[in-house]
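# Observations on chain architecture
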Number of protein chains: 2
Amino acid sequence: MSNFNIVKDGGITTPCGFLASGVTAGLKKSGNRDVALIVSKSSANCAGAFTTSLFPAAPVVLAKKNLENNTQFRAVIINSGVANACTGEQGYKDAKKMAVLTASALNITPEEVFVSSTGRIGTHLPMEIIENGINMAVKALSTDGGADAATAIMTTDTVPKEVCISLELDGKTVHIGGITKGAGMINPLMSVPHATMLAYITTDAAVDQKYLSILLQEEVAGSFNRITVDGDMSTNDTVILMANGKAKNTPITSESKDAQKFREALRYVMQYLAKAIVHDAEGATKFVTVKIKNAKLAKDAELCADAIANSLLCKTAWFGGDPNWGRVLAAAGYARASFNPKKVDLFYDDKPVVINGEDAGTPECELEEVLKKDNFTLTLNLNDGNFAYEMWTNDISYEYVKINAEYHT
Amino acid sequence: MSNFNIVKDGGITTPCGFLASGVTAGLKKSGNRDVALIVSKSSANCAGAFTTSLFPAAPVVLAKKNLENNTQFRAVIINSGVANACTGEQGYKDAKKMAVLTASALNITPEEVFVSSTGRIGTHLPMEIIENGINMAVKALSTDGGADAATAIMTTDTVPKEVCISLELDGKTVHIGGITKGAGMINPLMSVPHATMLAYITTDAAVDQKYLSILLQEEVAGSFNRITVDGDMSTNDTVILMANGKAKNTPITSESKDAQKFREALRYVMQYLAKAIVHDAEGATKFVTVKIKNAKLAKDAELCADAIANSLLCKTAWFGGDPNWGRVLAAAGYARASFNPKKVDLFYDDKPVVINGEDAGTPECELEEVLKKDNFTLTLNLNDGNFAYEMWTNDISYEYVKINAEYHT
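### Concerning the overall build of chain A
- In terms of regular secondary structure, chain A is built from eleven helices and 15 strands.
- Taken over C-alpha atoms, the radius of gyration comes to 22 Å for chain A, in line with the 22 Å a tight globule of 409 residues would show.
- Relative to its 409 residues, chain A shows a buried fraction of 59%.
- If you take every contact in chain A between residues at least 6 apart in sequence, the share linking residues at least 24 apart comes to 81%.

### A closer look at the sheet that holds strand E10 (residues 287-295) of chain A
Residue and element names in this part refer to chain A.
- The strand order across the open sheet formed by six strands is E13-E12-E11-E14-E10-E15, and the pairing between neighbours is mixed. This sheet does not close on itself; its edge strands, each paired only once, are strand E13 (358-359) and strand E15 (387-394).
- Pairing geometry for strand E11 (residues 345-348) and strand E12 (residues 351-355), over three bridges, is antiparallel. For phenylalanine 347, the partnering residue across the bridge sits in E12 and is proline 352.
- On the sheet, helix H6 (residues 259-279) packs against E10 and E15 and is oriented at approximately 45° with respect to E15.
- With respect to the sheet, helix H10 (residues 364-372) is in contact with E11, E12 and strand E14 (375-381), its orientation differing from that of E12 by roughly 115°.

### What to know about the sheet that holds strand E12 (residues 351-355) of chain B
Residue and element names in this part refer to chain B.
- Across the sheet, six strands lie side by side as E13-E12-E11-E14-E10-E15; this open sheet has mixed pairing. Of all the strands in the sheet, just strand E13 (358-359) and strand E15 (387-394) have a single pairing partner and so form its edges.
- Each of strand E10 (287-295), strand E14 (375-381) and E15 is contacted by helix H7 (residues 298-310), which is oriented at about 15° to E15, the strand it contacts most.
- Across the sheet, helix H9 (residues 325-333) touches strand E11 (345-348), E12 and E14, and the angle it forms with E12 is around 55°.

### Some points on unusual backbone geometry
All names here are of chain B.
- Positive phi outside glycine occurs at aspartate 170, with the angle close to 30°.
- Take aspartate 170: it is sitting in the loop between strand E6 (161-169) and strand E7 (172-181).
- Given 12 C-beta atoms within a 10 Å radius, aspartate 170 is considered exposed.
- Phi is positive for arginine 336, which is not a glycine, with a value near 65°.
- Examined against the element boundaries, arginine 336 turns out to sit in the loop between H9 and E11.
- What makes arginine 336 partly exposed here is the crowd of 15 C-beta atoms within 10 Å.

### Re the domain arrangement of chain A
All names here are of chain A.
- With domains assigned, chain A is organised as domain 1 (4-279) and domain 2 (287-406).
- Its C-alpha centre places domain 1 at a distance of 32 Å from the equivalent point of domain 2.
- Listed as interface residues are 14 residues of domain 1 and, on the opposing side, twelve residues of domain 2.
- Of the residues in the side of domain 1 that touches domain 2, the class split is five nonpolar, seven polar and two charged.

### Considering the pairing of strand E9 (residues 238-243) of chain B
All names here are of chain B.
- Within E9, six of the six residues are buried, which leaves the element mostly enclosed by the surrounding structure.
- Neither face of E9 is exposed, since Thr238, Ile240 and Met242 on one face and Val239, Leu241 and Ala243 on the opposite face are all buried.
- As for the winding sense of the linkage, the β-α-β connection from strand E8 (residues 198-203) through helix H5 (residues 209-221) to E9 is right-handed.

### Structural notes on the relation of the copies chain A and chain B
- Of the transformation superimposing chain A on chain B, the axial component is 0.0 Å and the angular component is 180°, with the fit at an RMSD of 0.0 Å. Overall, the copies show the geometry of a two-fold rotation axis. Closest approach to the rotation axis within chain A is made by the C-alpha atom of tyrosine 398 of chain A, at a distance of 2.7 Å.
- An overlap of 100% is found between the interface residues of chain A and their copies at the interface of chain B, pointing to a shared contact surface.

### Side note on the interface of chain A and chain B
- At the interface, 46 residues of chain A touch 46 residues of chain B.
- Residue assignment for the side of chain A that touches chain B shows that the elements contributing at least two residues are helix H8 (312-319), helix H9 (325-333), E13 and helix H11 (398-406) of chain A.
- When residues of the side of chain A that touches chain B are assigned to their parent elements, the largest contribution, six residues, is made by H9 of chain A.
- Among the residues making up the side of chain A that touches chain B, the classes are represented as 23 nonpolar, 16 polar and seven charged.

### A word on the environment of glutamate 264 of chain A
Residues and elements named next belong to chain A.
- With respect to the secondary-structure elements, glutamate 264 resides in helix H6.
- Its 14 C-beta neighbours within 10 Å are what place glutamate 264 among the partly exposed residues.
- Spatially, the C-alpha atom of glutamate 264 lies 8.8 Å from that of phenylalanine 4, the residues being 260 residues apart in sequence.

### What to know about the confidence of the model for chain A
Residue and element names in this part refer to chain A.
- On average, chain A scores 93 in pLDDT, and the residues at 70 or more come to 96%.
- Taken as a whole, residues 190-195 scores under 50 in pLDDT and shows 25 contacts with residues more than four places along the chain or in a different chain.
- Of the two predicted TM-score estimates for the complex, the pTM is 0.90 and the ipTM is 0.88.

### What to know about H11 of chain A
- Among all positions in H11 of chain A, only Tyr400, Val401, Asn404 and Ala405 of chain A are buried. Down the axis of H11 of chain A, the buried side of the element spans an arc of 115°, and every buried residue falls inside it.
- Considering only its buried residues, H11 of chain A is in contact with helix H8 (312-320) and helix H11 (398-406) of chain B.

### What to know about H8 of chain B
- With respect to burial, H8 of chain B is a largely interior element, nine of its nine residues being buried.
- Buried within H8 of chain B we find Leu312, Leu313, Cys314, Lys315, Thr316, Ala317, Trp318, Phe319 and Gly320 of chain B.
- Residues of H8 of chain B that are buried make contact with H8 and H11 of chain A together with E10, H7, H9 and helix H10 (364-372) of chain B.
- Glycine 321 of chain B, located one to two residues past H8 of chain B, shows a positive phi value of around 70°.

### Brief notes about the environment of glycine 133 of chain A
All names here are of chain A.
- Secondary-structure assignment places glycine 133 in helix H3 (residues 127-140).
- For the pair glycine 133 and phenylalanine 287, spaced 154 residues apart in the sequence, the C-alpha separation amounts to 36 Å.
- Ignoring any residue separated from it by four or fewer positions in sequence, one finds glycine 133 in contact with Val23, Ala25, Asp34, Val35 and Asn79.

### With respect to the pairing of E7 of chain B
Residues and elements named next belong to chain B.
- Within E7, eight of the ten residues are buried, which leaves the element mostly enclosed by the surrounding structure.
- When E6 meets E7, the two strands line up antiparallel, connected through nine bridges. Paired with cysteine 164 across the strands is glycine 177, a residue of E7.
- Counting the residues between successive antiparallel strands, the hairpin from E6 to E7 contains two residues, one of them, aspartate 170, with a positive phi of roughly 30°.

### A closer look at the packing of helix H1 (residues 58-69) of chain B against helix H2 (residues 88-106) of chain B
All names here are of chain B.
- Direction vectors running N to C along H1 and H2 enclose 60°, while the axes themselves pass 8 Å from each other. Taken together, the axes of H1 and H2 are oblique relative to one another. Crossing of H1 over H2 shows right-handed handedness. Touching Ala58, Pro59, Val61 and Leu62 of H1 are Gly91, Tyr92, Asp94, Ala95, Lys96 and Ala99, all from H2.
- Among the residues forming the contact of H1 with H2, the class breakdown is seven nonpolar, one polar and two charged.

### Re the packing of helix H7 (residues 298-310) of chain A against H9 of chain A
Residue and element names in this part refer to chain A.
- Orientation of H7 relative to H9, taken along the N-to-C sense of each, is 135°, at an axis distance of 8 Å. In this view, H7 runs oblique relative to H9, as classed from their interaxial angle. Both H7 and H9 take part in a crossing whose hand is right-handed. Each of Cys304, Ala307 and Ile308 in H7 lies in contact with H9, whose residues at this interface are Val328, Ala331 and Ala332.

What counts, and where the lines are drawn
Residues numbered from 1 in each chain as written. Chains lettered and ligands numbered in written order. Predicted model: local features only at pLDDT ≥ 70, side-chain atom pairs only at ≥ 80, totals over all residues. Helix = DSSP H or I, 4+ residues; strand = E, 2+ residues; numbered from the N terminus. Rg over C-alpha atoms; globule rule 2.2 N^0.38 Å. Buried ≥ 20, exposed ≤ 12 C-beta atoms within 10 Å, placed from the backbone. Contact = placed C-beta atoms within 7 Å. Pairing = 2+ DSSP bridges. Axes fitted to C-alpha atoms, helices over the stretch in contact; angles between N-to-C directions. Domains from an automatic or database assignment. Nonpolar A, V, L, I, M, F, W, Y, C, P; charged D, E, K, R; others polar. Right-handed = clockwise from strand over helix to strand, strands pointing away. Least-squares fit on C-alpha atoms with pLDDT ≥ 70 in both. pLDDT = per-residue confidence, 0-100. Arc of directions from axis to C-beta. Parallel < 35°, antiparallel > 145°, perpendicular 65-115°, else oblique. Left-handed = near helix turned anticlockwise from the far one by under 90°.

Put into structure tokens, the structure is as follows:
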């Protein structure tokens, strides 16, 4: 039983004091929405997590710099279609220009604006189109614009991804909403708090700035860092969390009696969004949970989960509905983890597949039943300690190859 | 100009004193050859390199143990179709039985026999079929059986892979022949001398045992460890090098004046076989050389090469003939290597793609010309030091997914 409720059809504008919009500026050949804007009516405490790539996109560099000097923000401007990554000095100037244009139209300062971009790497932003898009987005701002924003940040995504929950904190109703995008170039860098896609989370809860920042880092490690689509980390990964305090609850700190309650609600939102990316993974037909249990060290559990979740042979076997457990053990075997191969058990959902490193004798047809499902769990029990780790991933299909062999835009 | 000649249609039985055969025992549904035997008429100095998987197959465990006690061997018995991996105590007994049966038929000791298996993981060997196969293989031994052996070790391979070269060492003609198999579950564990497939190399050169072992380890790092098909390391990877001294040259040691000459010839054979695996990679349409230049540390070059060569987004872009260099830089960016992203240059063959981390301005159509080729080189110059590393890899196609989603045998 959880301490929060899901708000049906809710999103980032459900929390009080948030506006959003999503418009078509003309960056995508498809003519789909491509500029999104999220605005808090008053200053919001903010925290961010970003890609650890050595080639961070210009807007990521700008956002990290702004967060070093300032934790109070009012807006996020996002474009899809062009990533503004590997674009040098001009790219950085363009990202700053997006902040200036947005701030000017909203009558705030550029330092209060986050900028994000997603799309093709290495291409410069067409700034006239961007400028026009920003002006349109400002005009379109509304308290029910969250869904449009969720649509405008999409690239190879097939569905917009949004969620909202509500909970009570000392008698006040508090909301947490979120949107995310991402379907490919998705892989966590394990154990390092960072994000692997774009996600924006709004809340009207009052949260102490320092605690907000700690919460985000810790919960990114338990959500967005746990997913992988194709093993490729992006140059643009960004998670932004904005808390504007409009719910007027007593500000939450690490000492608050409600701290855990709020954390669990935030975790639900972040895990929901992270899993939504995997559900919409490029060409995927299956959602696979990879659980590692009873590892000697946390690292061993993480290495095994990462190897299996990223194994191309496992992912294609899942696509084919093939219970081929040798590929799962082979992946654990090269994960550079430490464990005793003779003590390993493997389960597909509740069916034993391997016991003590050997065939458990479950009939192949029973295992095939599990593999046929569009959502199943693979549990590897190392029987070697107390550490566990879980990741969420997907199969690799013909469609994945098609999308990525033909995605020239 | 090289110091050796390629022997047309040569293979592992071209060197003096070697016999081989490849027969159909009935392990494969296809009815193709599935048991191979390689025999030296006299004791041969031997060296081996094996998978570093935590789940080494039973024959790998046996071969490593035999090599600890003994360096003089007479034969290698190999079956395809069943990997004899993750098969517990029974699997180990079966591997030993294969050595005993082979030794008995050849009138040698089981300790003089290497055993190898390749195929499905987790299945026990049908020992009656194996026993029959071994007897057939012994009867079929001949001095021109190398090609049959090359065929019998194949699994998803589409062509047998063999090579032979000859060279002069103090007036004596010496041969080095080799066969290999492998088309999927191929990935090096970098910087650790080990193998990633099956390869058997025979030579009639006389080579000091200690030097033979050093040579093999070092040259595996420069050949089989440099290839990746799908990033999945196998449980059965094995390279065996047999030197029977029949050419009667002065035994080569690390001090010999001809040591470097022999090493270069051996390197050619091993690189030829390693590249042959990539040329025959499952579903591949392109052979891609990934070169990293001027890295600060050797590790930085290796990490970048490994990330690019294994990036699913790069591999699918290559399949699509898409010059999308953002994916190459993104892969280098998450490789956990150290370099300055603003100093990086990238070339497709001789075409500049990226200069100082930004678009070099070469017209897209010129880059597409390179990507259309079935063999091209991608060079990433980090401009940060003096270390280089090179890997050989392939694209990932619809056919790769098909083979691995449907490979149940």
